Amino acid sequence: MLLIIKEFLIVLLLFALVKVAMVIFRPVHEIISSITLSIGKGVIYAATAVIVLPKKISGKASVNVSESNDDIPFSERINKFFKSIAAEAVKLIGIVYMHNKVSYSICPNCFTKYSEPRYVCPKCGTVYHSLEPSNNGVFSIECSCGYKIPVTAYGKRKLKTLCPTCGNENPIPEIESFVIAVIGGRGSGKSTFIENSELSKISTGKEVFYETIIEDETGKEKHIMVVETEGKDFISSENLKQHKYYEYNSGFIFIIDAFSVGSAKNFNNETYILSDVLDTTILNLQKNYNLKPGERIQKPTAFVLAKSDMLDNVNIKKESPKFLIENGEEVFVNKIHNNFTTYKFFKTGLKENQEIINWITRNM
Ligand SMILES: Nc1nc2c(ncn2[C@@H]2O[C@H](COP(=O)(O)OP(=O)(O)OP(=O)(O)O)[C@@H](O)[C@H]2O)c(=O)[nH]1
Ligand SMILES: [Mg+2]
Ligand SMILES: [Zn+2]
Ligand SMILES: [Zn+2]
């Protein structure tokens, strides 16, 4: 009995050491912490073996200590032990293999972001929730249909994968995906902005979004998904909440209807106040990002004036908050200063729209 407690305490101590190492290494890089975990697991297996196995060999333990393990032959236990070590080694190789590959997907059907998809057996269609090297299979496991399903990081990439939330079949991404949400009041010009940008329309049945591939400064390609948030969603922040992509999107395009700007209001047929639309948005972002009061939104946000081409007689200057301040929207501009860290002002236009998407991509 005392022996079991001692073994338990040693294993516990080793786990604690691994955890401490993970916490220390976390800021350096995720990879280091997962490698530490793998090495830690290996150490635990080895320690368990050193502590437990000699007793089994002496024959003492098999008579007195362990009862539940007695029916498993000793050779099989050794075999399992070495398989566990091999599995950890294969996992380590997998971490290195995945180093510069994209490790997550964004489902275009339900906008869930996930790193572990469901895998499908190519022969019988059985769905697997998780495939990892283990003592049940270091390189592959056998499906009930007889097919050998790969469990290595390399092998898994050849399987058909499903979204864990909605079951939509999504390919394994080769490049990283980012979501930009186009937000703004009713009829402000969100759809027009998207239509006048170089984006391809994608309909998944549940959602409509637009996409493009942009190279960043380093020449790395990024898959950009642009989503419009309907005007009616701004009636309450609860409505905004149903749009899951707010949780992990990479930037915002806030469309400002030139006719909703203070001094241009006499031309306006919409009844909302620009500042209220921003309030609702900020409130929602704070809820979804768990921002503390006073903490600012760090996602790059472009504030884009739409319909300025229709206003000859109103002095609206482009690409500067000056046009807003001079036209009675000082409160709105102050709110932007106080709540966003990375933002810029633009106006719509064929050339400008592309510039806006590029600016967000560079700042994501
Ligand atoms: N002249 C001009 N008209 C614009 C511009 N942007 C939008 N419009 C017009 O404004 C109206 C509303 O534009 P939409 O792009 O549908 O606005 P929206 O924000 O998508 O509207 P909802 O989705 O209904 O909230 C349309 O008649 C557009 O043609 C612009 O930059 N210049
Ligand atoms: Mg629209
Ligand atoms: Zn199968
Ligand atoms: Zn999905």
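Here the structure is a predicted model, which is why all the values come from computation and not from measurement.

### Re the overall build of the chain
Right, so step 1: A count of helical and extended segments in the chain gives eleven helices and 14 strands.
Right, so step 2: Out of the 364 residues in the chain, the part that is buried amounts to 26%.
Right, so step 3: In the chain, 69% of the contacts between residues at least 6 apart in sequence involve partners at least 24 apart.

### Things to note about the pairing of strand β8 (residues 176-184)
Right, so step 1: In this sheet, strand β11 (residues 221-228) lies alongside β8 in parallel orientation, the contact comprising seven bridges. When the bridges of β11 are listed, E176 appears paired with K222.

### What about the nonpolar core?
Right, so step 1: Counting 40 residues, the largest nonpolar core has I180, V182, I253, F254, I256 and V304 as the members making the most contacts within it.
Right, so step 2: Among all residues touching I256, those that are not within four sequence positions of it are G184, S188, V261, L274, F303, V304, L305 and A306.

### Focus: the sheet that holds strand β7 (residues 160-162)
Right, so step 1: The strand order β4-β3-β7 describes an open sheet built from three strands, whose pairing is antiparallel. What marks the edges here is a single partner per strand, and that holds for β4 (127-128) and β7.
Right, so step 2: Here three bridges tie strand β3 (residues 118-120) to β7, and the two strands are oriented antiparallel to one another. Along β7, the bridge assignment pairs V120 with K160.

### Focus on the sheet that holds strand β14 (residues 343-347)
Right, so step 1: Judged by pairing direction, the sheet is mixed, and its seven strands sit side by side in the order β9-β10-β11-β8-β12-β13-β14 without closing on themselves. Edge positions in the open sheet fall to β9 (200-203) and β14, since each of these has one partner strand only. Mean inter-strand twist for the sheet, computed between neighbouring axes without regard to direction, equals 25°.
Right, so step 2: Bridge count for strand β12 (residues 251-257) against strand β13 (residues 301-306) is six bridges, and the pairing is parallel. Its bridge partner being in β13, F254 is matched across the sheet by F303.

### Things to note about the confidence of the model for the chain
Right, so step 1: Taken residue by residue, the chain gives an average pLDDT of 80. The fraction at 70 or more is 73%.
Right, so step 2: With pLDDT under 50 throughout, residues 56-67 is counted as low confidence; its partners more than four residues away or in other chains account for nine contacts.

### Details of unusual backbone geometry
Apart from glycine, the bulk of residues carry a negative phi angle, and the bulk of peptide bonds sit in the trans form.
Right, so step 1: One non-glycine residue, K307, lies in the positive phi region at around 70°.
Right, so step 2: By secondary structure assignment, the location of K307 is in the loop between β13 and α9 (322-325).
Right, so step 3: Classification of K307 by C-beta neighbours within 10 Å gives buried; the count is 22.

### Considering the environment of F254
Right, so step 1: Mapped onto the fold, F254 is located in strand β12.
Right, so step 2: We classify F254 as buried; it has 23 C-beta atoms within 10 Å.
Right, so step 3: When the C-alpha positions of F254 and V182 are compared, they lie 6.0 Å apart, and in sequence the two are 72 residues distant.
Right, so step 4: Setting aside residues up to four positions removed in sequence, F254 forms contacts with I183, G184, T301, A302, F303 and V304.

### Things to note about helix α4 (residues 74-97)
Right, so step 1: Taking 1.5 Å per residue, 24 residues should reach 34 Å; α4 reaches 35 Å between its end C-alpha atoms and fits that length.
Right, so step 2: Among all positions of α4, only S84, A87, E88, V90, K91 and G94 are buried.

### Things to note about helix α11 (residues 350-363)
An α-helix turns once every 3.6 residues. As a result, residues three or four positions apart point the same way.
Right, so step 1: Taking 1.5 Å of rise per residue, 14 residues should cover 20 Å, and α11 covers 21 Å from first to last C-alpha, within 8% of that figure.
Right, so step 2: Considered for burial, the residues of α11 that qualify are N353, I356, I357, I360 and T361. Looking down the long axis of α11, one finds its buried residues gathered within 130° of arc, a one-sided arrangement. Of the residues in α11, the exposed ones pointing more than 90 degrees away from the buried face are K351 and R362.

### Let's talk about the pairing of strand β10 (residues 208-215)
Right, so step 1: With four bridges joining them, β9 and β10 adopt antiparallel strand pairing. Within β10, the residue paired with S200 across the bridge is E211.
Right, so step 2: Pairing geometry for β10 and β11, over six bridges, is antiparallel. The residue of β11 that forms the bridge with E211 is M225.
Right, so step 3: Linkage of β10 to β11, two consecutive antiparallel strands, is achieved through a turn of five residues, within which G219 is found at a positive phi near 90°.

Procedures and definitions
Residues numbered from 1 in each chain as written. Chains lettered and ligands numbered in written order. Predicted model: local features only at pLDDT ≥ 70, side-chain atom pairs only at ≥ 80, totals over all residues. Helix = DSSP H or I, 4+ residues; strand = E, 2+ residues; numbered from the N terminus. Buried ≥ 20, exposed ≤ 12 C-beta atoms within 10 Å, placed from the backbone. Contact = placed C-beta atoms within 7 Å. Pairing = 2+ DSSP bridges. Core = buried A, V, L, I, M, F, W, Y, C linked by C-beta atoms within 7 Å. Axes fitted to C-alpha atoms, helices over the stretch in contact; angles between N-to-C directions. pLDDT = per-residue confidence, 0-100. Expected span 1.5 Å × (residues − 1). Arc of directions from axis to C-beta.

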